[in-house]
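Residues per chain are reported as follows:
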Amino acid sequence: MVLATKFGLVSHSGDGAWNLDSRPADIRTAVEGSLKRLGTDHIDLYYQHRVDPDTPIEETAGAVGELIAEGKVRAFGLSEAGPDTIRRAHAVSRSPRSSPSNPCSPEGSRNASCPSCGS
């Protein structure tokens, strides 16, 4: 079994749900809560729910990289991230995976197979 969960869609610093927050302190709070709720000592794949435009991806990747070094997270994933963001994150953490669940995301490129943006 592989245990995967996401972070960054709920701010733990007071802004609440549906407020993107991928600041390092918030990521640490989120992972500690997830580990406790899931009753485990590590998460196999920790995904950023959405790219946070207010936090540089390098800071986010660095924070998750620290969690990887501590053994709390095994791999870092990005959901709905564009190629440039993935490259920048990879330069810091060397482990991001991408989940292009929405080819029409703000960072995604036009996709001819997508009914919303294809021609």
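Let us look at the structure shown here.

Quick notes on the rules
- Residues numbered from 1 in each chain as written.
- Predicted model: local features only at pLDDT ≥ 70, side-chain atom pairs only at ≥ 80, totals over all residues.
- Heavy atoms only, no water.
- Buried < 20%, exposed > 50% of the residue type's maximum accessible area, 1.4 Å probe, protein only.
- Helix = DSSP H or I, 4+ residues; strand = E, 2+ residues; numbered from the N terminus.
- Pairing = 2+ DSSP bridges.
- Expected span 1.5 Å × (residues − 1).

1. A look at the pairing of strand β4 (residues 43-48)
Successive side chains on a regular strand alternate, one facing one side of the sheet and the next facing the other.
Argument step 1. Among the six residues in β4, six count as buried, and that is most of the element.
Argument step 2. In the sheet, strand β1 (residues 4-7) pairs with β4 via four bridges, with the strands oriented parallel. Along β4, the bridge assignment pairs F7 with Q48.
Argument step 3. Of the strand pairs in this sheet, β4 and strand β5 (residues 73-79) are connected by five bridges, and their pairing is parallel. Considered in β5, the bridge of Y47 is made with G77.

2. Points about helix α1 (residues 24-38)
Argument step 1. Helix length check: α1 (15 residues) gives 21 Å between terminal C-alpha atoms against 21 Å at 1.5 Å per residue, within 8%.
Argument step 2. Within the sequence span of α1, burial applies to D26, I27, A30, V31, G33, S34 and L35.
Argument step 3. The first or second residue beyond α1 is G39, which carries a positive phi of 65°.

3. Notes on the environment of P53
Argument step 1. Assignment of secondary structure puts P53 in the loop between β4 and α2 (57-70).
Argument step 2. Residue P53 is classed as exposed on the basis of its relative accessible area of 67%.
Argument step 3. Spatially, the C-alpha atoms of P53 and L20 are 8.3 Å apart, while their sequence positions differ by 33 residues.

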